[in-house]
Amino acid sequence: NASTIYFNPAGMTQLQDREVSGGLAAIGPSFKFHNEGSSLTGNLSAAGTGGDAGGWAAVPNGYLSWAVSKDVYLGVGFGAPFGLKTEYDDRWIGAAQSVMFDIKTYNINPSIAFRVNEKVSLGFGVNWQKVEAEYVRLATVGGAPSPTAPFGDRVTSTMNLDDSAWGWNAGALFTLSPSTKVGVSYRSKVKYHTDGDVKLTSDGSVAGDLTRDGLILDGRQSDLKADLTMPDTFIMSVAQKLNDKWEMLGDISWTGWSSIPKVDIMRTSGAMSGDLAQRLDTDFQDTWRVALGANYQLND
């Protein structure tokens, strides 16, 4: 169907003159922290382990393809290829590292496909992609616990970063026989140079409004920047038609997540311009995925 625009644009040559595909993916990850020997001191040492930082999200996608001629097809797709949200309890032992992290991407993907001959089709697309990230953590926690502040006074850091960038994707489809097709495709890396700001807000207490050097902190804001490279992906797939109704599908894909070994968030304004505001030691590793599936044709 028309979602081939994302996975392998060459597949559009196998579609009818006009096709529309839409979907909504329900994603429900779970993230639970188990302490295994952290050195815990101060007011957060008595806090909990954060609960389950995962939660349900609905991720939409939509695709439209149409035949310009017997051998040339155009298409456009919209989706959200990367995204994640973690949100721990407001007070937990890792709150200085993260309370909430939310990253979203939006991808618009115009594409074109050519039928070279009855055996080979080629496809190409460009991708305009936007990323938005929000990162909340406790910057400082101090003061004596009280009934209204059981873990002491606090200052919260809220970072917001965004950018848009371009990428590309390409694919080829080989018809080995009337019942067997093999596809290969590649999606490029997308390099972001995000910018944004960080704002520090206190809980309103006297201690929460003060930094270590005694300067008023509440509402202080500075600009930020961070470079981020979203990974590239390679996919090889096979479609084997069993009869008029059933078609078996399989693919193997590789994603280059090692493009994000760390994320350095730098300050770009104020007295601390040029200093590191926060380092995220992501240490992401490349991944492989194997998938099996089937198509059943109900009617024409």
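Keep in mind the model is a prediction, meaning the values are calculated, not measured. As a convention, each chain's residues are numbered from 1 in the sequence order in which they are written. With the structure being a predicted model, the display of local features is reserved for residues of pLDDT at least 70 and the display and counting of side-chain atom pairs for 80 or more, all residues being used for whole-chain, interface and lining totals. Processing note: side-chain calculations cover all non-hydrogen atoms of the structure and skip hydrogens and water entirely.

S.K.: Can you tell me about the overall build of the protein chain, naming the residues and giving the values?
M.R.: Counting secondary structure elements, the protein chain contains one helix and 15 strands. Within the protein chain, counting contacts between residues at least 6 apart in sequence, those at least 24 apart form 68% of the total. Here the protein chain displays about 16700 Å² of accessible surface, and carbon together with sulfur accounts for 57% of that area. In this description a helix means any DSSP run of H or I spanning at least four residues, a strand means any run of E spanning at least two, and both kinds are numbered starting from the N terminus. Contacts: residue pairs with any heavy atoms within 4.5 Å of one another. A 1.4 Å probe and the Shrake-Rupley method give the accessible areas. Residues count as covered only by the protein chains that appear here.

S.K.: Give a description of the side chain of Ser121 that names residues and reports values.
M.R.: Along the chain, the position of Ser121 falls in strand β6 (residues 120-142). For the purposes of these results, a polar contact is taken to be a pair of N or O atoms within 3.5 Å, where, inside protein, one atom must be able to donate a hydrogen and its partner to accept one; residues adjacent in sequence count only when each atom of the pair is a side-chain atom. Within the local environment of Ser121, its side chain forms a polar contact with the side chain of Thr13, the two groups lying 2.8 Å apart. Excluding residues that lie within four positions of it along the chain, Ser121 makes contacts with Ala10, Thr13, Gln14, Phe114, Arg115, Val116, Gly171, Ala172 and Leu173.

S.K.: Any chance you could break down the nonpolar core for me, citing the residues and the numbers?
M.R.: Nonpolar core, defined: a set of buried Ala, Val, Leu, Ile, Met, Phe, Trp, Tyr and Cys residues in which side-chain atoms within 4.5 Å join the residues together. Working definition: with a 1.4 Å probe on protein chains only, accessible area under 20% of the residue-type maximum means buried, over 50% means exposed, and in between means partly exposed. Core analysis: the largest hydrophobic core is formed by 20 residues, its most contacted members being Met159, Tyr192, Leu224, Leu228, Met230, Val263 and Ile265. Among the secondary structure elements, those contributing two or more residues to this core are β6, β7 (153-177), β9 (190-202), β10 (221-230), β13 (263-267) and β14 (276-280). No other element matches the four residues that β10 contributes to this core. With residues near it in sequence (within four places) discarded, Val263 still touches Ala226, Asp227, Leu228, Gln278, Arg279, Leu280 and Thr282. Tyr88, Ile93, Ala95 and Val136 belong to the second-largest nonpolar core, a separate cluster that totals eleven residues.

S.K.: Residues and numbers for unusual backbone geometry, please.
M.R.: Phi angles above zero are rare outside glycine, and Asp283 is one such case at about 55 degrees. Relative to the helices and strands, Asp283 is located in the loop between β14 and β15 (287-296).

S.K.: Could you give an account of the confidence of the model for the protein chain, naming the residues involved and the relevant values?
M.R.: Averaged over the protein chain, the pLDDT score is 89; the fraction of residues at 70 or greater is 88%. What pLDDT reports is the predictor's confidence in each residue, on a scale of 0 through 100. Counting interchain partners and residues more than four positions distant, the pLDDT-below-50 stretch residues 207-218 has 22 contacts.

S.K.: I'd love a proper account of the packing of aromatic side chains, names of residues and values included.
M.R.: Pairing of aromatic rings covers Phe, Tyr and Trp, the last counted by its six-membered ring, and requires centre-to-centre distances within 6.5 Å; plane angles under 30 degrees mean stacked, over 60 mean edge-to-face, and any other angle means tilted. Within the structure shown, the criterion is met by nine aromatic pairs. Seen from their ring centres, Phe124 and Trp168 are 6.3 Å apart, and the 20 degrees between their planes marks the pair as stacked. With Phe124 in strand β6 and Trp168 in strand β7, the pair connects residues that are 44 residues apart, well separated along the chain. Look at Trp168 and you get partly exposed, because its relative accessible area is 39%. Considering the side-chain rings of Trp168 and Tyr186, the 5.3 Å spacing of their centres and the 50 degrees angle between planes classify their relative orientation as tilted.

S.K.: Tell me about the environment of Ser111, and please be specific about residues and values.
M.R.: Looking at the secondary structure, you find Ser111 in strand β5 (residues 100-115). Using a relative accessible area of 6% as the deciding quantity, one classes Ser111 as buried. Sequence spacing of Ser111 and Met12 is 99 residues, and the spatial spacing of their C-alpha atoms is 9.3 Å. Apart from the residues within four sequence positions on either side, Ser111 is in contact with Ile5, Pro9, Met12, Tyr73, Leu74, Gly75, Phe124 and Gly125.

S.K.: Describe the side chain of Ser259, naming the residues involved and giving the relevant values.
M.R.: Residue placement: Ser259 occurs in the loop between β12 (246-255) and β13. You can call Ser259 buried: its relative accessible area is 18%. Apart from the residues lying within four places of it in its own chain, the contact partners of Ser259 are Lys189, Thr229, Met230 and Pro231.

S.K.: Requested: an account of the environment of Asn109, with residues and values cited.
M.R.: Of note, Asn109 is situated in strand β5. A relative accessible area of 1% means that Asn109 is categorised as buried. Asn109 has contacts with Ile5, Tyr6, Gly75, Val76, Gly77, Gly125, Val126, Asn127, Asn169 and Arg187, leaving out every residue within four places of it along the chain. There is a polar contact of 3.4 Å between the side chain of Asn109 and the side chain of Asn127. Among the polar contacts made by the side chain of Asn109, one reaches the side chain of Asn169 at a distance of 3.2 Å.

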